[in-house]
Amino acid sequence: MCEIAEIEQALRRAAPHRLVGVVEDALRDRGVLRVELRMADYGLRTLQLVGHVPGADPSVPIHDSPQGRAFGAQEPHVVHEPGALRLHLPVTVRGDRLGVLTAELPPQADVGQLLPGLAQLCEALGHEILVAERDTDLYVLARRATRLTLAAEMQWQLLPGRSCARPEFALAAHLEPAYAIFGDNYDWSVSDGLLTLTVTNGMGEGIEAALLTNLAINALRNARRAGLPLADQAALADQAVYAQYRGEAFVSVLLLRFDLARGEVEAVDAGSPRLWRQRGQVVESVGFEAQLPLGMFEDTVYVPERFSVRPGDRLLFGSDGVYAAVSPAGESYGDRALARALRGTRLLPPTQVPQAVLRELAVHHGGSPLEDDALVVCLDWYGTTSTVAG
């Protein structure tokens, strides 16, 4: 499709809410009969329709639909129907899975000829959606299967995305309850050969917990963007939280900075989020020296620790709503069940691991609602050519 560059230009010029229409208008000249776009909902359970498409279902399940198959496998999926065929293509940006574009084609269409251009178009569409979200609520609204609480609205707007992929690593995260989360959060940034990752657990409930976490995350970002060392980032955020709450509220956070070339990791453990590592068949908890949560006392001094990751390592981070959740028999999930869940998901890509672990957590908890937020972050470390050789 030599005119893909022209369609990309048209997307850039289009009104934010008109992206799907631009794609459909452009593809009609290639014999495409109809186009629809679906966005993954916050709970990663359904694919929600963007805009009004006559005769289309407003949502389809991710785990039991042709669109969901394309989304989960991150590969095109073709469905032959009487008189037409449907081509479902994942819309993904830098490893962050946004949704699925469906193109309805005549039955005689040459799918093999169309696929490369359509895949390139989906990538361009994904980038434009992220830009357009600054100016329209259309795509944000399509992500929700039900109304968010105000606390959850604040937390989802604070997040960098749900997944991220680079040659050196792939990571993904998920929060439950997705539509009513309040204190748990995560953040990441990749720049200049470094990955900085934070896993956060703000105390309290509802809007107060969301406000507390927002303050801590933005203080950490402010310090990181000022180029401060990791321990100083924790110290600045600690001062910001203490100045606001005077020790009456605090934030537990695990801060990590990965050297992408060497696989060396600097860590500051300031509270409850914990780390497990799967190396081969061995799953073990990675312990750090416990330091004070952010904002508990004035002028806390933080000391970084160091460890290394190897190509093939899988790291799993969990909030206390995960490892401290108890079964009806009184066993904490982090005692043994979490390690079993990590081994059981070793063949899944990291984008699917957080949800799978949280499903196992629900079973462990006896199926009743969790008493706290639950956050899982999964990171697969691939390393670089130099680290693999070493």
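Residues numbered from 1 in each chain as written. Predicted model: local features only at pLDDT ≥ 70, side-chain atom pairs only at ≥ 80, totals over all residues. Heavy atoms only, no water.

## Looking at the pairing of strand 8 (residues 169-176)
Then step 1. For strand 8, the tally of buried residues reaches eight of eight residues, placing the bulk of the element in the interior.
Then step 2. Burial along strand 8 is two-sided: the face carrying Phe 169, Leu 171, Ala 173 and Leu 175 and the face carrying Ala 170, Ala 172, His 174 and Glu 176 are both buried.
Then step 3. The turn linking strand 7 (residues 163-166) back onto strand 8 is made up of two residues.
Then step 4. Direction of pairing for strand 8 relative to strand 17 (residues 374-381): antiparallel, over a ladder of eight bridges. Its bridge partner lying in strand 17, His 174 is registered against Val 376. (Buried < 20%, exposed > 50% of the residue type's maximum accessible area, 1.4 Å probe, protein only. Helix = DSSP H or I, 4+ residues; strand = E, 2+ residues; numbered from the N terminus. Pairing = 2+ DSSP bridges.)

## Let's talk about the pattern of salt bridges
It is possible for side chains bearing opposite charge to pair when their charged atoms get close.
Then step 1. Under the criterion given, the structure shown has 23 salt bridges.
Then step 2. A salt bridge links Arg 28 to Glu 24; its shortest N-O distance comes to 3.8 Å. Of the two residues, Arg 28 and Glu 24 both sit in helix 2 (residues 19-28), four residues apart, roughly one turn of that helix.
Then step 3. Here Glu 24 falls in the buried class, since its relative accessible area comes to 17%.
Then step 4. Two residues, Arg 279 and Asp 313, come together in a salt bridge whose shortest N-O distance is 2.7 Å. (Salt bridge = Lys/Arg side-chain N within 4 Å of Asp/Glu carboxyl O.)

## Regarding the sheet that holds strand 11 (residues 251-259)
Then step 1. The strand order 9-10-11-12-15 describes an open sheet built from five strands, whose pairing is antiparallel. A single partner strand is all that each edge strand has here, and the edge strands are strand 9 (184-191) and strand 15 (305-308). Put simply, the sheet's adjacent strands are angled 20° from each other on average, direction ignored.
Then step 2. Both strand 11 and strand 12 (residues 264-270) contribute to a ladder of six bridges, which runs antiparallel. What sits directly across from Phe 258, in strand 12, is Val 265.
Then step 3. Packing against the sheet, helix 7 (residues 206-225) makes contact with strand 9, strand 10 (194-202) and strand 11, and its axis sits at approximately 160° to strand 10. (Axes fitted to C-alpha atoms, helices over the stretch in contact; angles between N-to-C directions. Contact = heavy atoms within 4.5 Å.)

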